[in-house]
Amino acid sequence: MNCSMKKEQVVNCQFSVWYPLFKKHTIKSLILPLPQNVIDYLLDDGTLVVSGGDHNTQQTNSSDSDAEEDIQWSDDETTTTVTAPEFPEFTSTVLEAINVLGGRAFPKLNWSAPRDANWIALNSSLQCQTLSDIFLLFKSSDFITHDLTQPFLRCSDHDTPDPVISYELVLRKWSELIPGGEFRCFVKENKLIGISPRDYTQYYHHISKQEEQLSQSIQEFFSQHIQYNFLDEDFVLDVYRDSWGKVWLIDINPFGEVTDSLLFTWEELTSGNSISGGQQDGDVAQQQEGPAFRYTTSEVTVQPSPCLSYRIPRDFVDLSTGEDAYKLIDFLKLKKSQQEEDEERGEQP
Ligand SMILES: Nc1ncnc2c1ncn2[C@@H]1O[C@H](COP(=O)(O)OP(=O)(O)OP(=O)(O)O)[C@@H](O)[C@H]1O
Ligand SMILES: [Mg+2]
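As a starting point, this report considers the structure included with it. (Residues numbered from 1 in each chain as written. Chains lettered and ligands numbered in written order. Predicted model: local features only at pLDDT ≥ 70, side-chain atom pairs only at ≥ 80, totals over all residues. Heavy atoms only, no water.)

**Description of the overall build of the protein**
Put simply, the rule is: Where helices and strands are cited, they refer to DSSP runs of H or I of at least four residues and of E of at least two residues respectively, numbered from the N terminus. When checking whether two residues touch, look at their non-hydrogen atoms; a contact exists if any pair is within 4.5 Å. Calculation of accessible area relied on Shrake-Rupley with a 1.4 Å probe; when residues are assessed, cover is drawn exclusively from the protein chains displayed.
Scanning the protein from N- to C-terminus turns up 11 helices and 10 strands. Sequence-distant contacts, at least 24 apart, represent 71% of the contacts inside the protein between residues at least 6 apart. Summing over all exposed atoms, the protein offers an accessible surface of approximately 18,300 Å²; the carbon and sulfur share of this is 48%.

Pasting the structure below:
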């Protein structure tokens, strides 16, 4: 095992650590500290319910008239009352932040976005307009739970104490990114050694057509703006090349197995041998200096989308085994209140 990611590397890849360094080159974002009661709520899988009182509309009345909503049901023996949690202060901070970002935000925690949960949202996307949108995604996501419960899972320095983490909600301005424009770049000892399209499961004609240009513009972006400017010499960079050809930073991830190596393997990335470019075709012709650029070359190799395996909702699995019938009730209530919100809002696209 060569892969020896340290806890400090994970700490350095937190959004709030890299964002100030590379603000100019990435999507506008706001970082909000997560209050402990919100963290507790996210970790409590007893209930999905949130209050419906966070409409992101013009309402400025400070009264709580519409806030409290008790949900009751009777148990066999006892009567349980579940009160939807209320986070009035946090709710208004979040709504204000979303407004500053133009009304639509992409949410994540210190490291992860709830990519595995987008199927659950009404719009099947990670686009959020209210705190309930965010909570629904976060509470349904294993990636978010990973951030909260075991961020240092694959680190090699088990014996050192876990660094203390201040949890934060990251809200990024919603941006329509074209999947074929996203690339993951592997940086070792401050050298760009490999590039793979993030969506390696699809064949993109433009990538094979523009391989040279793409690789060139990503290398330029890296050497001009990123190289030697990060706290670590080993890391994984996600970039986006927009339709004007401009390259943007999307995220920075730890150089290790917690990060998906896409068309590479962690073994080759960490082996110390230089990686051959091209398409793993056994052609040993080593590229001079530049990073290995790998992509899917034909429709034949197209694979199912990796997040499909997350699609069986945990809550429904519980339900099917008869473990927790209340979760469905909670879930349906939440969906209903979201729908009502949407109707009130007047069905904007
Ligand atoms: N501001 C944004 N607006 C819309 N979509 C976005 C935005 N930022 C990221 N995305 C999309 O969401 C995907 C995941 O984002 P991001 O890389 O931040 O999540 P992550 O949890 O760090 O992923 P990974 O686990 O692969 O590192 C991106 O590939 C991109 O397609
Ligand atoms: Mg990431």
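**Notes on the site of ligand 1**
Put simply, the test is: Any residue with a heavy atom lying within 4 Å of a molecule or strand is counted as near it. Pairing of N or O atoms within 3.5 Å defines a polar contact, subject to two protein rules: one partner must be a possible hydrogen donor and the other a possible acceptor, and residues neighboring in sequence count only if both atoms are side-chain atoms. Basically, the charged four are Asp, Glu, Lys and Arg, the nonpolar ten are Ala, Val, Leu, Ile, Met, Phe, Trp, Tyr, Cys and Pro, and anything else, Gly included, counts as polar. Each domain's extent is set by a domain assignment, obtained either automatically or from a database.
The immediate surroundings of ligand 1 are formed by 17 residues, with Lys108, Ala113, Glu182, Arg198 and Asp251 found nearest. At 2.8 Å, a side-chain N or O of Lys108 approaches an oxygen atom of ligand 1. Take Ala113: an N or O atom from its main chain is 2.7 Å from an oxygen atom of ligand 1. Contact with the protein chains covers 86% of the free accessible surface of ligand 1, which is 630 Å². Looking at the shell around ligand 1, the elements with two or more residues in it are strand E4 (105-108), strand E5 (168-173), strand E6 (182-188) and strand E9 (247-254). By residue class, the composition of the shell around ligand 1 is six nonpolar, three polar and eight charged. Structurally, the shell around ligand 1 is a two-domain feature, drawing no fewer than three residues from each of domain 1 (28-173 + 322-345) and domain 2 (179-297).

**Things to note about the packing of helix H3 (residues 36-43) against helix H5 (residues 131-139)**
The condition that has to hold: Helix axes use the C-alpha atoms of the stretch in contact, all axes being lines fitted to C-alpha atoms, and the angles between their N-to-C directions lie in the range 0 to 180 degrees. Relative orientations are named as follows: roughly parallel for angles under 35 degrees, roughly antiparallel for angles over 145 degrees, roughly perpendicular for angles from 65 to 115 degrees, and oblique for any other angle.
Running from N to C, H3 and H5 cross one another at 50°; their axes reach a closest spacing of 9 Å. By the angle between their directions, the pair H3 and H5 is classed as oblique. In this structure, H3 contributes Val38, Tyr41 and Leu42 to the contact, and H5 contributes Phe135, Phe138 and Lys139. By residue class, the composition of the contact of H3 with H5 is five nonpolar, no polar and one charged.

**Points about the pairing of E6**
As a general feature of sheets, a regular strand has side chains that alternate between the two faces. Quick note on the threshold: Only protein chains enter the accessibility calculation, which uses a 1.4 Å probe; a residue whose area is less than 20% of its type maximum is buried, one above 50% is exposed, and one in between is partly exposed. In short, DSSP must find at least two bridges between two strands for them to pair.
Most of E6 is tucked away, with seven of its seven residues classed as buried. Relative to strand E8 (residues 235-241), E6 is paired through six bridges, and the arrangement is antiparallel. Note that in E8 the partner of Glu182 across the bridge is Tyr240. As paired elements, E6 and strand E7 (residues 191-197) share six bridges and run antiparallel to each other.

**What about the coordination of the magnesium ion (ligand 2)?**
Applied cut-off: Listed donor atoms are N, O and S within 2.8 Å of the metal (Na, K and Ca: 3.2 Å). As water is not included, a site may look incomplete.
Around the magnesium ion (ligand 2), the protein supplies Asp251 (OD) and Asn253 (OD1) as donor atoms, at distances of 2.0 Å. Owing to a relative accessible area of 9%, Asn253 belongs among the buried residues under this scheme.

**What to know about the environment of Asn99**
Inspection of the secondary structure assignment puts Asn99 in helix H4 (residues 88-100). Overall, the relative accessible area of 47% leaves Asn99 in the partly exposed class. Sequence-wise, Asn99 and Lys173 are 74 residues apart; in three dimensions their C-alpha atoms are separated by 9.7 Å.

**Description of the pattern of salt bridges**
Working definition: two side chains of opposite charge can pair if their charged atoms are close together. Put simply, the test is: For salt bridges, the criterion is a side-chain nitrogen of Lys or Arg within 4 Å of an Asp or Glu carboxyl oxygen.
As enumerated under the stated definition, the model contains seven salt bridges in all. Here Arg198 ties to Asp238 by a salt bridge, and the two come within 3.5 Å at their closest N and O atoms. Residue Arg198 is found in the loop between E7 and helix H7 (205-209), and its partner Asp238 is found in strand E8; the two are separated by 40 residues along the sequence. We classify Arg198 as partly exposed; its relative accessible area is 25%. Judged by relative accessible area, which is 1%, Asp238 ranks as buried. Linking Arg294 and Glu268 is a salt bridge whose minimum nitrogen-to-oxygen distance equals 2.8 Å. Highlighted residues: Arg294 in the loop between strand E10 (292-293) and helix H10 (314-320) and Glu268 in helix H9 (residues 266-270), separated in sequence by 26 residues.

Read these as layout, nothing more, since geometry by itself doesn't imply function.
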